[in-house]
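One-letter residues, chain by chain:
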Amino acid sequence: MRSGGETVGTPRLRGHELAATDVTVSYDGVDVVHGAAVGLRPGEVTVLVGPNGSGKSTLLRTIARLQRARHATIRIDEDTDGLALTPREFSRHVALLTQSRPTPSGLTVRDIVEFGRYPYRGRFGRADPDAAAAVDRALALTGVTDLAERGADHLSGGQLQRVWLAGCLAQETGVLLLDEPTTYLDLRYQVELLDLIRDLADEHGIAVGVVLHDLDQAAAVADRITLLEAGRIVADGPPEDVLTPERLTAVYGIRIEVDNDPLTGRLRTRAIGRHHTRHTPSERLGTAP
């Protein structure tokens, strides 16, 4: 994303506050998210975690207005009803990087990132004078400037994920939502993506909401963690208050220990399975003296 710690161009971004309350979502008449509330504040990263099927991605997509809610209230900066905005107006405030996207054929990286400017074009292809600068900033922030003219169908999964993220940044919104953004990325780019998420909050004041499976990644990047189970929020607060061994063990159904990494000082989790203690081959076979 950044090369050698070098500072790249600053995006023209301004953070917004988003408050979603009483969010209830149903599938086939069955509630799968129950009266959830999530608050995203400028300059903060909020991470949604929970087991598979806990409703975290559904809740994020509902906040982004891609999933219809049975009931919800969404307010932006307190004075704007997010559900009353047109889709184009809403997209000037909130961007979403979805969990999976198709691999475009016949398009360059720059073409894809330019899609992020759709809220500003208006009808009949009205000119967007800020598009070129916004796209260049987004390419630089995600470290894909050198790929700008390459065909998207020649990219790796990790490269393509960064390109889609660049498209979200070109949208220049004050709220950024990301659904499992480290998927398809190797270890280096996972770390760099999490660093970028922190930069967007810390340096540009963006309100970031992100779904992550990895609890250690969540603890590393989050100001607040929202823990879901079976469509309900069971805890919300700073990582050290939410990620307790008792609570995680109860929610995930497996023993989970929590301590502090001696190198970074951050919370570290460890799921304890049946084979958590290493034995020699003879011990496993019962032939040790």
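Relevant structure appears above.
Just so we're clear, the structure is a prediction, and the values are computed from it rather than from any experiment. Throughout this document, residue positions are counted from 1 along each chain, in the order its sequence is written. This being a predicted model, a pLDDT of at least 70 is required before a residue's local features are given, and a value of 80 or more before pairs of side-chain atoms are given or counted; all residues contribute to the totals for chains, interfaces and linings. Values reported for side chains reflect all heavy atoms of the structure, with hydrogen atoms and water molecules removed beforehand.

Participant: Talk me through the pattern of salt bridges; I want residue IDs and the actual numbers.
Facilitator: The salt bridge criterion pairs a side-chain nitrogen of Lys or Arg with a carboxyl oxygen of Asp or Glu, the two atoms within 4 Å. Scanning the entire structure with this criterion turns up 14 salt bridges. Glu44 is the partner of Arg41 in a salt bridge, and the nearest nitrogen-oxygen pair spans 3.3 Å. Overall, Arg41 belongs to the partly exposed group, its relative accessible area being 33%. Partly exposed describes any residue whose relative accessible area lies between the buried limit of under 20% and the exposed limit of over 50%, with all areas from a 1.4 Å probe on protein chains only and scaled to the type maximum. Look at Glu44 and you get partly exposed, because its relative accessible area is 22%. For the salt bridge of Glu257 with Arg255, the shortest nitrogen-to-oxygen distance reads 2.7 Å. A relative accessible area of 27% places Glu257 in the partly exposed class. One continuous salt-bridge network, built from bridges that share partners, spans Arg117, Asp128, Arg137 and Glu172.

Participant: Requested: an account of the packing of aromatic side chains, with residues and values cited.
Facilitator: Aromatic pairing here means that ring centres of Phe, Tyr or Trp (its six-membered ring) are within 6.5 Å. Orientation follows from the plane angle: under 30 degrees is stacked, over 60 is edge-to-face, and everything else is tilted. On inspection of all chains with the given rule, the structure shows zero aromatic pairs. The aromatic ring of Tyr120 is capped on one face by Arg117, whose charged end is 4.1 Å from the ring centroid. A ring is scored as having a charge over it whenever the NZ atom of a lysine or the CZ atom of an arginine sits within 6 Å of its centre and within 35 degrees of its normal. The positively charged end of Arg162 is found above the aromatic ring belonging to Tyr189, 3.9 Å away from the centroid.

Participant: Go over the sheet that holds strand β1 (residues 18-27) with me, naming the residues and quoting the values.
Facilitator: In short, DSSP must find at least two bridges between two strands for them to pair. Helix numbering and strand numbering both begin at the N terminus, where a helix is a DSSP run of H or I of at least 4 residues and a strand a DSSP run of E of at least 2. Strand order in the open sheet made by the four strands is β2-β1-β4-β5, with antiparallel pairing throughout. A strand with exactly one partner marks an edge of an open sheet, and here the two such strands are β2 (30-40) and β5 (80-81). In terms of strand pairing, β1 meets β2 through seven bridges, oriented antiparallel. Pairing of Val23 across the sheet is with Ala36, part of β2.

Participant: Let's hear about the environment of Asp81: which residues, and what values?
Facilitator: Counting through the fold element by element, Asp81 comes out in strand β5. When its relative accessible area of 34% is taken as the criterion, Asp81 is described as partly exposed. Note on definitions: a residue-residue contact is assigned when non-hydrogen atoms from the two residues lie within 4.5 Å. The residues contacting Asp81, other than those within four sequence positions of it, are Ile74 and Arg75.

Participant: Explain helix α1 (residues 56-63) to me, using residue names and the numbers behind them.
Facilitator: Counting buried positions along α1 yields seven of eight residues, so the element is predominantly enclosed. All buried positions along α1 are accounted for by Lys56, Ser57, Thr58, Leu59, Leu60, Thr62 and Ile63. Positive phi appears at Arg65, one or two residues downstream of α1, with a value of about 70°.

Participant: Outline the sheet that holds strand β3 (residues 45-49), supporting the account with residue identities and numerical values.
Facilitator: Reading across the sheet, the six strands line up as β6-β7-β8-β3-β9-β10 and stay open at both edges, with mixed pairing between neighbours. Either end of the sheet is taken by a strand with one partner, and the two such strands are β6 (94-97) and β10 (232-237). Each strand of the sheet is rotated relative to its neighbour by a mean of 15°, with strand direction disregarded. Sheet analysis places β3 next to strand β8 (residues 207-211), joined by four bridges and oriented parallel. For Val47, the partnering residue across the bridge sits in β8 and is Val210. In this analysis an axis means a line fitted to C-alpha atoms, helices contributing only their contacting stretch, and an angle means the value between N-to-C directions, from 0 to 180 degrees. Relative to the sheet, helix α9 (residues 245-252) contacts β3, β9 (224-229) and β10, its axis offset from that of β9 by approximately 35°.

Participant: Describe the packing of helix α4 (residues 131-141) against helix α5 (residues 157-170), listing the residues and the values that go with them.
Facilitator: It is the contact of α4 with α5, at a shortest axis distance of 8 Å, that shows an interaxial angle of 140°. With respect to their mutual orientation, α4 and α5 come out oblique. By crossing handedness, the relation of α4 to α5 is classed as right-handed. Here α4 contributes Ala134, Val135, Ala138, Leu139 and Leu141 to the contact with α5, which in turn contributes Ala166, Leu169 and Ala170. The scheme is simple: roughly parallel for angles under 35 degrees, roughly antiparallel for over 145, roughly perpendicular for 65 to 115, oblique for anything else. Handedness of a crossing follows from how the near helix is turned relative to the far one, being left-handed for an anticlockwise turn of less than a right angle and right-handed for a clockwise one.

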